[in-house]
4 protein chains.
Amino acid sequence: MSSTYGKNLKVTLFGESHGPAIGCVLDGFPANFTPDLEKVKAFMARRAPGSQPGSTQRCESDAFEILSGLFNEKTCGTPITAVIKNSDAHSKDYSKLSDLMRPGHADYPMNVKTEGANDYRGGGHSSGRIMAPACFAGALAIQYLESKGIKIKGRIVSIGAQKNEPNANDILSPEAKAVIEAARAEGDSVGGVIECEIMGLPVGLGEPIFEGVENRIAQAVFGIPAVKGIEFGSGFSSTTLKGSENNDAFTVKDGKIETATNNHGGSLGGMTSGMPIVFRAAVKPTPSISKPQKSVSLSKQTEEELVIEGRHDACIVPRALPVVEAMAAIAALDLLLD
Amino acid sequence: MSSTYGKNLKVTLFGESHGPAIGCVLDGFPANFTPDLEKVKAFMARRAPGSQPGSTQRCESDAFEILSGLFNEKTCGTPITAVIKNSDAHSKDYSKLSDLMRPGHADYPMNVKTEGANDYRGGGHSSGRIMAPACFAGALAIQYLESKGIKIKGRIVSIGAQKNEPNANDILSPEAKAVIEAARAEGDSVGGVIECEIMGLPVGLGEPIFEGVENRIAQAVFGIPAVKGIEFGSGFSSTTLKGSENNDAFTVKDGKIETATNNHGGSLGGMTSGMPIVFRAAVKPTPSISKPQKSVSLSKQTEEELVIEGRHDACIVPRALPVVEAMAAIAALDLLLD
Amino acid sequence: MSSTYGKNLKVTLFGESHGPAIGCVLDGFPANFTPDLEKVKAFMARRAPGSQPGSTQRCESDAFEILSGLFNEKTCGTPITAVIKNSDAHSKDYSKLSDLMRPGHADYPMNVKTEGANDYRGGGHSSGRIMAPACFAGALAIQYLESKGIKIKGRIVSIGAQKNEPNANDILSPEAKAVIEAARAEGDSVGGVIECEIMGLPVGLGEPIFEGVENRIAQAVFGIPAVKGIEFGSGFSSTTLKGSENNDAFTVKDGKIETATNNHGGSLGGMTSGMPIVFRAAVKPTPSISKPQKSVSLSKQTEEELVIEGRHDACIVPRALPVVEAMAAIAALDLLLD
Amino acid sequence: MSSTYGKNLKVTLFGESHGPAIGCVLDGFPANFTPDLEKVKAFMARRAPGSQPGSTQRCESDAFEILSGLFNEKTCGTPITAVIKNSDAHSKDYSKLSDLMRPGHADYPMNVKTEGANDYRGGGHSSGRIMAPACFAGALAIQYLESKGIKIKGRIVSIGAQKNEPNANDILSPEAKAVIEAARAEGDSVGGVIECEIMGLPVGLGEPIFEGVENRIAQAVFGIPAVKGIEFGSGFSSTTLKGSENNDAFTVKDGKIETATNNHGGSLGGMTSGMPIVFRAAVKPTPSISKPQKSVSLSKQTEEELVIEGRHDACIVPRALPVVEAMAAIAALDLLLD
């Protein structure tokens, strides 16, 4: 495993979905900052089960306990550790999954990697639940960034093939919700695309060639279990543009150098350009579905039908939205601390 | 800068486009391996200027000299250093670029980052030319991987909006070539999509959450200057599939567990599944074009028209193809050495 | 801060002496290993307060709780997290230490580093108490190493100027104990030298130049707050030998290449030679003493007399002994996993 | 291998003693700094063969060529690469050393590690000659540090058992020189102790627990082949002091907090205290001696007498002095860039 991200701000995630607890350690977070823990809770609530259309009914509070790194309500410069107890785990739902590999899940390679010692209950360490402490870390990063004038803002671009253009204050349009409900009714799932902007970073952050803006954000965002693609600025669609269309003209605005458009997504040569960093992440349809699927038995080495019981999200995109923002914030703070 | 990639195999790239030389150091390459240097040259020739349709006419041999790490024609376990002299640099072409920022290039953030001390000639360290030593490193990695039964195979999926389905032994279809020639005629450029497969890696490589297959390949591939997106398996198009469609059914074939389809692109939960790793990279249209563009003068803080002289690729995708393979090989070998 | 050690086995320590808890995360520990937790407790008890001659009377059980990484009593390949609650902290003893800097302690630079936000109670994160979770990590590493035939064995070489040659099963000679008791009677403290052997590592581990045996063990052992020096093999005394005396003659013994002596301390050119790795660590007299000392007031920028109240070790060397073994084990396992 | 040091300033050393060239890459060196290359040469000359009492007669200029990272005589923010050609290598001297292992050298573990593929000529990558590019890197670091008011100063404390108190401008006393000459006359060698001070670093640098001042300097200094021990401040002799003697009283001097003594060697809890960092390194007697020694033949697995021909240093301590300063400077700059 290597559940640690970052060069300056090191974020380590630990825990299994049905073990005693999950949590994180943030090493390198700036000292002398006073986080607003109520805001942290509110941020984490956006990811919590049951909080969003399409989400699982597992009713577990993601209440965190901070074990270290805070003193007199301020960060004291040492590793910040937060723990979330696992309280509502229905382990019996998962017993047969030690032998029958769920399609689209980490079960099979994890079994091989660990010689069968993996905690298969609820996906263990590979569960989406491990993103709860990532949101804790991200919430702290977001607050610190805001204190420096840097903002993170995500939105859902599409659910399945449906574009999503919700009213203000909503995260989903009625059409997008309908796509999720239709999938749920079939015992199936749908994915979607999330876009995220990071605004206000100074010019020149990012270390080309291998620790540039794209490299480091991609490393963080691919830490989200269901993400299978990432693109910056005009991304894949840039490949159908001419250079003269895709190049962003430079302008001078209020004595500041900017670009008229932002096809480069805020990163030139791996360094921040001063324009908003814009990226999109592809979130695959969650592999946990109720429909019968073709699996294999490891012990018998035969093909078997698998029906996964338990509670599933029909669409994890709404809950993944704050996770993408959290990863963006972690990467942005790591860049800023260079 | 952080021009070093890798955990086990550390690849450092150095050099500026118009400085004395470019090169690389490979630290951690396995000892006692006999590389075929003629094959290395042949691989590097695929990236060399003038080698491909659409490429610049800069006629520079990418002849490398190995300074360390080989003894009696075998790798001796120590850092392997290769150097490529810069011989045909027309620095005069670039003089005005110390003040006029090229749209779509690294010039502006690099100038800010280095307080104006950057080598702006030909893009300096941010030049695509720095990918020549990356190809040297990749060629060695490919040979070592082949000795272990692991193969890397790239292909061009599209040029601009044109799908590319060439005849065997060609890398471009006549239609794709026509798209490039049309762009060149206009003094413009086009991009494209490259797909790459890594076949034969054992099951269970990759360290979730943050050093998984996707994270590490993405970190390497975003090291290529023009890449603005990456996706694995069904990638962005997975977001329009149902879970039941996107999940890959497990099968048993000749006593080996496989999946019937490969929408997961060879990575489940960040670990190799035993299926080929498949990813696609979006290569933007090269920003170096002959058409007049809107730029700014740093010294005057005014908007200025910029005409870039010198020799340009109308399309770098064919030359980027071996670079993507090289990065895939570097990442795959780093994974294998875990 | 950078409270993380290791390349393959990453050990992160967290917590403050008087915060809610201290603990550690082990990322990269081999899967499918069944630790004996009673043995872990017994190992940790050797470091616990009150366990050793000369130690503080703070009566705190170092009972740990494992939050992650174990499943069915086996390591499951994911980060192992252990937490030790802080229960017996007398914070009132420390209140004046926010302003008066203790000589020989981390208080002053930590105050400057954190802009005064540091948790000064009991030394915070810089307390020797943070070595309790290091012992947890080390105990696991020792057990794993033993399963591979590798043994770690420490001993106390001297206390103050007194050589220590105890009877079997004792760690201190009566003379060494007397030195400690004399220091305690004066409200003072004494240091000592600890030697540690690592036996059974295969030949050729260690990555010269900068990640060799000495570099990596030194990095771990200097993580112990009171250690101010380390030497390998004949170390500093090698400087008074001739080359012909210090060189270890090679021999062949039972078909195995060995050296007749071990002045090189098991490391040649930064790589294991197959002989036991032998190193000695200098443990300074603990700076926490009862005698009045010269300090400064940060707020008043004046010199002040300081009397530190509370419970102190007169000699931490006996409690540091298992910590040195733990750090040796962590470094040895990290080397072995290369 | 892992011939790379540093977190912010990454220094990679490459090359074999008798290969085409040796050199280094510095990644992360600050941009926009104008090094004085004549001063770099002068610094490197202090390490060059023949430059010092006791050194080998190998007459090789350590002339370096800079391949990258400089533009218009300033650092341009990209990796700085310097290469030193190997011109005067008498490879025939070393032919039998592929089979007969030299006592005290890296030959044996390197042979095992590389399956016999190692470049045994002159010790290959493990040769002291690899310290020439380390001196190049150190010389640049020293110049940059000086521009920030930070100074590095080394001195030889002892040669063999002889204390060294030379006149100003000398590095050795006549008595110390005599010890070296006596060893040379016998075909033997002697070691010594080098002390180094780093003055002027700000308070609070260093990341406890594992990336503190001692950890990071030790990691760099153990990169020097012959170093077998390191101690900070009162180091090993602190173990014979009382806490009340070893603790450094705080004082206020010209409105600045200092300590009256410097037994802590400038590091408290792994962080800089504002006092000079003082450390001593134990340099073993060089293992290359002319006297016959007991070796083994790898091919025959028998004990054999070995006489090493060629040119040897009777004492490498004078040449190691600038190397210790170089490593101190590299570590200090890496700390400063945190």
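The rules we used
Residues numbered from 1 in each chain as written. Chains lettered and ligands numbered in written order. Predicted model: local features only at pLDDT ≥ 70, side-chain atom pairs only at ≥ 80, totals over all residues. Heavy atoms only, no water. Least-squares fit on C-alpha atoms with pLDDT ≥ 70 in both. Contact = heavy atoms within 4.5 Å. pLDDT = per-residue confidence, 0-100. Pairing = 2+ DSSP bridges. Helix = DSSP H or I, 4+ residues; strand = E, 2+ residues; numbered from the N terminus. Axes fitted to C-alpha atoms, helices over the stretch in contact; angles between N-to-C directions. Buried < 20%, exposed > 50% of the residue type's maximum accessible area, 1.4 Å probe, protein only. Polar contact = N/O pair within 3.5 Å; in protein donor to acceptor, adjacent residues only side chain to side chain. Salt bridge = Lys/Arg side-chain N within 4 Å of Asp/Glu carboxyl O. 1 Å grid on protein atoms, 1.4 Å probe; cavity = no way out; pocket = protein on both sides within 12 Å on 5 of 7 lines; lining within 4 Å. Points joined across faces, edges and corners; volume = space filled by probe spheres on them. Nonpolar A, V, L, I, M, F, W, Y, C, P; charged D, E, K, R; others polar. Buried area = accessible area lost by both parts, 1.4 Å probe. Parallel < 35°, antiparallel > 145°, perpendicular 65-115°, else oblique. Left-handed = near helix turned anticlockwise from the far one by under 90°. Phe/Tyr/Trp six-rings, centres within 6.5 Å; stacked < 30°, edge-to-face > 60°.

1. Considering the relation of the copies chain C and chain D
Part 1 of the argument: Screw-axis analysis of chain C against chain D gives a translation of 0.0 Å along the axis, an RMSD of 0.0 Å, and a rotation angle of 180°. The relationship between the two copies is best expressed as a two-fold rotation axis. Scanning chain C for the C-alpha nearest the rotation axis identifies C:Ile230, at a separation of 2.8 Å.
Part 2 of the argument: When you check the interface residues of chain C against chain D, 100% turn up at the interface there too, and the contact is symmetric in its surfaces.

2. Observations concerning the confidence of the model for chain A
Part 1 of the argument: This prediction gives chain A a mean pLDDT of 94; 95% of its residues lie at or above 70.
Part 2 of the argument: Under the prediction, the complex receives an ipTM of 0.96, its pTM being 0.96.

3. Some details on the sheet that holds strand 4 (residues 64-68) of chain A
All names here are of chain A.
Part 1 of the argument: Taken together, the 5 strands give an open sheet; going across it, the order is 1-2-3-7-4, and neighbouring strands pair in antiparallel fashion. The sheet is open, and its two borders are formed by strand 1 (4-5) and strand 4, each paired with just one other strand.
Part 2 of the argument: Relative to strand 2 (residues 10-15), strand 1 is paired through 2 bridges, and the arrangement is antiparallel. The residue of strand 2 that forms the bridge with tyrosine 5 is valine 11.

4. Remarks on the pairing of strand 8 (residues 151-159) of chain A
All names here are of chain A.
Part 1 of the argument: Bridge count for strand 8 against strand 10 (residues 192-199) is 8 bridges, and the pairing is antiparallel. For isoleucine 159, the partnering residue across the bridge sits in strand 10 and is glycine 192.
Part 2 of the argument: As judged from the 2 bridges shared by strand 8 and strand 9 (residues 162-163), these two strands associate in the antiparallel manner. Note that in strand 9 the partner of isoleucine 159 across the bridge is glutamine 162.
Part 3 of the argument: Where strand 8 folds back onto strand 9 in an antiparallel hairpin, the turn is made up of 2 residues, including glycine 160, whose phi is positive at roughly 55°.

5. Topic: the sheet that holds strand 7 (residues 80-85) of chain C
Residues and elements named next belong to chain C.
Part 1 of the argument: Strand order in the open sheet formed by 5 strands is 1-2-3-7-4, with antiparallel pairing between adjacent strands. Edge strands, defined here as strands with exactly one partner in the open sheet, are strand 1 (4-5) and strand 4 (64-68).
Part 2 of the argument: On the sheet, helix 1 (residues 37-45) packs against strand 4 and strand 7 and is oriented at approximately 130° with respect to strand 4.

6. A word on the side chain of C:Asn215
Part 1 of the argument: For C:Asn215, the position within the fold is in helix 5 (residues 213-221).
Part 2 of the argument: Given the relative accessible area of 1%, C:Asn215 is considered buried.
Part 3 of the argument: In terms of polar contacts, C:Asn215 uses its side chain to reach the backbone carbonyl oxygen of C:Phe210, at 3.4 Å.
Part 4 of the argument: Those residues in contact with C:Asn215, other than ones at most four positions away along the chain, are C:Ile209, C:Phe210, D:Gln219, D:Phe222 and D:Gly223.

7. Focus: the pattern of salt bridges
Part 1 of the argument: Going through the model one piece at a time under the given rule, you end up with 84 salt bridges over all chains.
Part 2 of the argument: Among the ionic pairs, A:Arg46 bridges to A:Glu325, the shortest N-O distance being 3.0 Å. Here A:Glu325 lies in helix 7 (residues 317-336) and A:Arg46 lies in the loop between helix 1 (37-45) and strand 4, a separation of 279 residues in the sequence.
Part 3 of the argument: When the shortest N-O distance is used, the salt bridge between D:Glu304 and D:Lys300 registers 3.4 Å.
Part 4 of the argument: Taking the relative accessible area as the measure of exposure, D:Lys300 reaches 54% and is therefore exposed.
Part 5 of the argument: Shared partners join several salt bridges into a network, and the residues in it are A:Lys7, A:Arg216, A:Asp334 and A:Asp338.

8. Quick notes on empty space enclosed by the protein
Part 1 of the argument: Going through the model one piece at a time under the given rule, you end up with 13 cavities of 30 Å³ or more.
Part 2 of the argument: Each pocket or cavity is described by its volume, and for the largest cavity that value is around 1,400 Å³.
Part 3 of the argument: Around the largest cavity, the lining is made up of 41 residues, and of these A:Gly6, A:Lys10, B:Gly6, C:Gly6 and D:Gly6 lie nearest the centre.
Part 4 of the argument: For the lining of the largest cavity, the elements supplying multiple residues, two or more each, are strand 1 and helix 5 (213-221) of chain A, strand 1 (4-5) and helix 5 (213-221) of chain B, strand 1 and helix 5 of chain C together with strand 1 (4-5) and helix 5 (213-221) of chain D.
Part 5 of the argument: The leading source of residues in the lining of the largest cavity is helix 5 of chain A, at 3 residues.
Part 6 of the argument: The class makeup of the residues in the lining of the largest cavity is 7 nonpolar, 14 polar and 20 charged.

9. Description of the interface of chain C and chain D
Part 1 of the argument: The interface of chain C with chain D comprises 95 residues on the first partner and 95 residues on the second.
Part 2 of the argument: On the chain C side of the interface with chain D, the three residues burying the most area are C:Phe210, C:Lys228 and C:Phe250, jointly 12% of the side's total.
Part 3 of the argument: For the pair chain C and chain D, the interface holds 6 salt bridges.
Part 4 of the argument: In this assembly, chain C and chain D are joined by 37 residue pairs in polar contact (both at pLDDT 80 or more).
Part 5 of the argument: Tallied by class, residues from the side of chain C that touches chain D come to 43 nonpolar, 36 polar and 16 charged.

10. Overview of the interface of chain A and chain B
Part 1 of the argument: At the interface, 95 residues of chain A touch 95 residues of chain B.
Part 2 of the argument: Buried surface at the junction of chain A and chain B, both sides included, amounts to about 7,500 Å², of which 64% is carbon and sulfur.
Part 3 of the argument: For the interface between chain A and chain B, the tally reads 6 salt bridges.
Part 4 of the argument: Between B:Lys242 and A:Glu186 there is a salt bridge; the shortest N-O distance is 3.5 Å.
Part 5 of the argument: Here the side of chain A that touches chain B is composed, by residue class, of 43 nonpolar, 36 polar and 16 charged.
Part 6 of the argument: Bridge count between strand 11 (residues 227-232) of chain A and strand 11 (residues 227-232) of chain B: 3 bridges; the pairing is antiparallel. Paired with A:Glu231 across the bridge in strand 11 of chain B is B:Gly229.

11. Observations regarding the packing of helix 5 of chain C against helix 7 (residues 317-336) of chain C
For any two helices packed against each other, the geometry comes down to the angle between their axes and how far apart the axes lie.
Residues and elements named next belong to chain C.
Part 1 of the argument: Between helix 5 and helix 7, whose axes approach to 9 Å, the crossing angle comes to 140°. Considering their axes alone, helix 5 and helix 7 lie oblique with respect to each other. Judged by the twist between their axes, the crossing of helix 5 over helix 7 is right-handed. Contacts between helix 5 and helix 7 involve Val213, Arg216, Ile217, Ala220 and Val221 from the former and Met327, Ala331, Asp334 and Leu335 from the latter.

12. Here we look at the relation of the copies chain A and chain B
The second copy of the chain is related to the first by a rotation about an axis and a shift along the axis.
Part 1 of the argument: Under the fitted operation, chain A is carried onto chain B by 0.0 Å of movement along the axis and a turn of 180°, and the coordinates agree to an RMSD of 0.0 Å.
Part 2 of the argument: Most of the interface of chain A is mirrored in chain B, where 100% of its interface residues are also at the interface.

13. What about the packing of aromatic side chains?
Both the distance between ring centres and the angle between the ring planes are used here to describe each pair of aromatic rings.
Part 1 of the argument: Counted by the stated rule, this structure contains 38 aromatic pairs over all chains.
Part 2 of the argument: Consider the rings of A:Phe210 and B:Tyr5, whose centres lie 5.4 Å apart with planes at 50°: the pair is tilted. Linking A:Phe210 in the loop between strand 10 and helix 5 with B:Tyr5 in strand 1, this pair reaches from one chain into another. We note that A:Phe210, like B:Tyr5, is buried.
Part 3 of the argument: Each residue in the set A:Phe29, A:Phe33 and A:Tyr144 is aromatic and connected to the rest through ring pairs, giving one cluster.

14. Re unusual backbone geometry
Part 1 of the argument: A cis amide bond links A:Pro208 with the next residue in sequence, A:Ile209, at an omega value of 10°.
Part 2 of the argument: Here the phi dihedral of A:Glu73 falls at roughly 70°; this positive angle occurs in a residue that is not glycine.
Part 3 of the argument: Relative to the elements of secondary structure, A:Glu73 occurs in the loop between strand 5 (70-71) and strand 6 (74-75).
Part 4 of the argument: A residue is classified by how much of its surface remains accessible, and A:Glu73, at 64% relative accessible area, is exposed.
Part 5 of the argument: With a phi angle near 55°, B:Glu115 is a residue other than glycine that sits in the positive phi range.
Part 6 of the argument: By secondary structure assignment, the location of B:Glu115 is in the loop between helix 2 (107-113) and helix 3 (131-147).
Part 7 of the argument: With relative accessibility at 59%, the residue B:Glu115 sits in the exposed group.

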